[in-house]
Amino acid sequence: MKSPFAASGDAPEGITQLLLKWKDGDSSARERLMPLVYDELHRLAGRYLKRERANHSLQPTALVNEAYLRLVDQQKVEWQNRAQFFGLAARLMRNILVDHARRRQAAKRSGQDYRISFESIHQPGINPEVEFIAVNEALERLEIFDPQKARVVELRFFGGLSIEETAEVLQIGHATVERDWKLARAWLRRELE
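As the structure is a computational prediction, the values presented were derived from the model and not from experiment. (Residues numbered from 1 in each chain as written. Predicted model: local features only at pLDDT ≥ 70, side-chain atom pairs only at ≥ 80, totals over all residues. Heavy atoms only, no water.)

1. Notes on the packing of helix α5 (residues 132–145) against helix α8 (residues 174–192)
Now for step 1: Here α5 crosses α8 at 125°, and the two axes come no closer than 10 Å. By the angle between their axes, α5 is oblique relative to α8. Helix-helix and strand crossings are classified by hand; for α5 and α8 the assignment is right-handed. Note on element contacts: α8 touches α5 through A184, W187, L188, E191 and L192, opposite A134, V135, A138, L139, R141, L142 and F145.
Now for step 2: Here the contact of α5 with α8 is composed, by residue class, of 10 nonpolar, no polar and 2 charged. (Axes fitted to C-alpha atoms, helices over the stretch in contact; angles between N-to-C directions. Helix = DSSP H or I, 4+ residues; strand = E, 2+ residues; numbered from the N terminus. Parallel < 35°, antiparallel > 145°, perpendicular 65-115°, else oblique. Left-handed = near helix turned anticlockwise from the far one by under 90°. Contact = heavy atoms within 4.5 Å. Nonpolar A, V, L, I, M, F, W, Y, C, P; charged D, E, K, R; others polar.)

What follows is the structure in structure tokens.
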């Protein structure tokens, strides 16, 4: 599996340089950025939607487009590097899917839940099927008292990032990510039971 932080024809500095130019007000940098990040954003969207119900009305391309529109609308982001960019993209995609699930649930009023599974992360011992909205709400509770662990879950579970990629986004050590991931999963499992 290709890392979103690995070089892909353009050096990682290409994306970082464009983000820095964008931060400095160069609107053409934002336009040049999209072709460089589109495939990775599409892969992240595909990961998200693979965990959703089979007949989900959002397609990866629509999710990418919505996330990108929200990314370019960010006024207060101090762009630093590509890892930060993909971390924010993962958060925005999560928010889009949660909003979409809530709208569908409200429209249907049938109480039907949308299910995803922790086992999609391929971690032993995490097998229960859990509701997407319930996971999101539990993650919001975790964020209140331990924002770093919540961010690790968001990047690993929702963003599909590896331990190494998560460590890069959060600028912490691999061992810290592994420990936070293990503790956060146990906490979430308890909350969701």
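2. Let's talk about the confidence of the model for the protein chain
Now for step 1: With 77% of its residues at a pLDDT of 70 or more, the protein chain shows a mean pLDDT of 76.
Now for step 2: Per-element confidence in the protein chain is highest for α8, whose mean pLDDT is 93, and lowest for strand β2 (residues 129–131), whose mean pLDDT is 47.
Now for step 3: Ignoring residues within four places in sequence, the model shows residues 1–12, a span with pLDDT below 50, making 25 contacts including any to other chains.
Now for step 4: Per-residue pLDDT stays below 50 along residues 119–130; that stretch engages in 28 contacts with residues further than four places along the chain or on separate chains. (pLDDT = per-residue confidence, 0-100.)

3. Thoughts on the pattern of salt bridges
Now for step 1: Applying the stated criterion across every chain, the model contains 12 salt bridges.
Now for step 2: Here E40 ties to R43 by a salt bridge, and the two come within 2.2 Å at their closest N and O atoms. Residue E40 and its partner R43 are both found in helix α2 (residues 27–50); the two are separated by 3 residues, about one turn of the helix.
Now for step 3: Exposure remark for E40: the relative accessible area of 10% places this residue in the buried category.
Now for step 4: R43 sits in the partly exposed class, given a relative accessible area of 22%. (Salt bridge = Lys/Arg side-chain N within 4 Å of Asp/Glu carboxyl O. Buried < 20%, exposed > 50% of the residue type's maximum accessible area, 1.4 Å probe, protein only.)

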